[in-house]
Amino acid sequence: MAHDAVLQVMAERVREARAGGARLAIRGGGTKAWYGEAVQGEPLDTTLLSGISSYEPTELVVTARAGTRIAELEAALADAGQCLPFEPPRFGANGTVGGMVAAGLAGPARASAGSVRDYVLGCTMLNGRGELLSFGGQVMKNVAGYDVSRLLAGSLGILGLICEVSLKVAPRLPATATLRFELDEATALRRLNEWAGQPLPLSASAWWEGTLVLRLAGAAAAVDAAQRQLGGETVEAALAAGFWDGLRDHRDEFFAGAAKAVDGGATLWRLSVPQTLPPLRLSGEQLVEWGGAQRWLCTTAPVATVRDAVAVAGGHATIFRARDKSAGVFAPLKAPLDRIHRELKRAFDPDRVFNPGRLYPGL
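Residues numbered from 1 in each chain as written. Predicted model: local features only at pLDDT ≥ 70, side-chain atom pairs only at ≥ 80, totals over all residues. Heavy atoms only, no water.

Asks: How should I be thinking about the nonpolar core in this particular structure?
Replies: Most often, soluble globular proteins keep nonpolar side chains buried together rather than apart. Residues Leu 84, Met 100, Val 101, Leu 167 and Leu 268 are the most contacted members of the largest nonpolar core, which totals 56 residues. Grouped together as the second largest cluster of nonpolar side chains are 18 residues, Phe 181, Ala 188, Leu 189 and Trp 207 included. (Core = buried A, V, L, I, M, F, W, Y, C linked by side-chain atoms within 4.5 Å. Buried < 20%, exposed > 50% of the residue type's maximum accessible area, 1.4 Å probe, protein only.)

Here's what the structure looks like:
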């Protein structure tokens with residue numbers, strides 16, 4: 001079915017759902033159905049909205065439809081020596097571009113390269129009235145509607161159905177190296193913050209169980225100079241690539257262990273905290289990424305204990321995986337932010353057709 005015809009069918013489906021008081025659960029590859037609050041509504045499949053609409057390697061811009069697999073998009077970029085710098089988790093072969101933007105999750109390079117939101121240039125979407133809206137553009141200098149497009153990143157589909165998105169891309173960096181250091185958490189965090197203030201080509205970091213792994217990426221001369229300056233043990237390239245891919249897609253040893261612990265009743269938390277924060281004294285196992293700004297915690301500690309400790313530290317805590325999400329997946333919103341979220345929902349989806357409650361109850 002042609003793209004325009006698919007859009008017409010979907011728009012009619014939305015209008016029918018609105019008229020009948022039905023709810024629609026947006027679904028692409030289904031790789032992140034566990035993320036956020038419980039999925040509600042009849043499935044609305046985005047996979048017919050697939051394919052790369054346009055790609056201009058010289059302009060560093062690609063436009064892809066929502067149901068396009070991330071793997072397909074990354075393969076096309078790789079052929080031109082380019083990439084998605086924020087390294088979105090794929091969670092298997094079926095992850096889609098729409099889900100990537102709606103979830104707003106980024107991988108190991110987030111601290112150095114930026115978030116999904118930072119790379120969204122424009123989009124088209126169906127709102128809760130079945131109207132097709134366009135925001136932003138396909139070039140970096142076109143900023144009309146820029147912020148509206150970025151609102152969709154991390155919205156978990158509550159504002160509408162992403163149909164197509166234009167993204168900035170970047171050339172693949174010519175050289176990389178991975179270094180390994182035996183350090184306790186406090187020392188690792190101090191080192192990371194010291195290095196962050198120096199002109200080093202830091203690309204990613206991960207600390208777990210007494211080991212800090214650091215990725216350098218950039219011009220070959222800069223990477224070589226940084227290796228000499230920092231020391232540490234150099235990790236063989238193939239082994240390093242496997243490690244960073246495993247961390248990106250949550251297939252590494254920490255996340256495999258966390259998945260088993262969650263099956264046994266533990267909670268896997270995603271903690272966003274100030275990068276300079278010393279180690280958090282919470283029970284359980286922790287993995288530290290993004291130079292200290294993202295900390296994963298697998299624990300059986302009460303929800304209030306975790307959220308209070310993180311709030312005091314100036315951060316917020318998200319229940320990433322758990323059997324029991326009754327305490328709320330995302331940290332409760334304060335009054336101004338709660339009002340803004342509700343007004344945005346009313347503006348784009350007044351009858352709560354799309355993904356009701358997926359981000360916060362009542363939205």
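Asks: How do you make sense of the pairing of strand E12 (residues 211-218) when you look at a structure like this?
Replies: A regular strand places its side chains on the two faces of the sheet in alternate fashion. With respect to burial, E12 is a largely interior element, eight of its eight residues being buried. Side chains Thr 211, Val 213, Arg 215 and Ala 217 of E12 all project onto a buried face; the interleaved residues Leu 212, Leu 214, Leu 216 and Gly 218 project onto the opposite face, where all are buried too. Taken together, the six bridges between strand E11 (residues 202-208) and E12 define a ladder with antiparallel strand orientation. When the sheet's bridge partners are listed, Ser 205 is paired in E12 with Leu 214. The antiparallel pairing of E11 with E12 creates a hairpin that spans two residues between the two strands, and Glu 209 there sits at a positive phi of about 50 degrees. (Helix = DSSP H or I, 4+ residues; strand = E, 2+ residues; numbered from the N terminus. Pairing = 2+ DSSP bridges.)

Asks: Sorry, what's going on with the sheet that holds strand E6 (residues 120-126) here?
Replies: One key point about sheets: their strands pair by backbone hydrogen bonds, in either a parallel or an antiparallel sense. The strand order E3-E4-E8-E6-E7 describes an open sheet built from five strands, whose pairing is antiparallel. Strands with a single pairing partner mark the edges of an open sheet, and in this sheet they are strand E3 (52-56) and strand E7 (132-136). Taking the axes of each pair of neighbouring strands and ignoring which way they run, one obtains an average angle of 10 degrees across the sheet. In terms of strand pairing, E6 meets E7 through five bridges, oriented antiparallel. Bridge pairing links Met 125 to Leu 133 in E7. Across the sheet, helix H2 (residues 70-79) is in contact with E3, strand E4 (61-65) and strand E8 (161-168); its angle to E3 comes to roughly 25 degrees. (Axes fitted to C-alpha atoms, helices over the stretch in contact; angles between N-to-C directions. Contact = heavy atoms within 4.5 Å.)

Asks: Got a minute to help me understand helix H7 (residues 220-230) in this structure?
Replies: Residues three or four positions apart in an α-helix share a direction because the helix packs 3.6 residues into each turn. Every buried residue of H7 is accounted for by Val 223, Ala 226 and Leu 230. Buried residues of H7 fall within an arc of 65 degrees about the axis and therefore sit on the same side. Facing away from the buried side of H7 by more than 90 degrees, the exposed set consists of Ala 221 and Arg 228. For H7, the elements touching its buried residues are strand E10 (175-182), helix H6 (185-196) and E12. Two residues or fewer after H7 comes Gly 231, characterised by a positive phi angle close to 75 degrees. (Arc of directions from axis to C-beta.)

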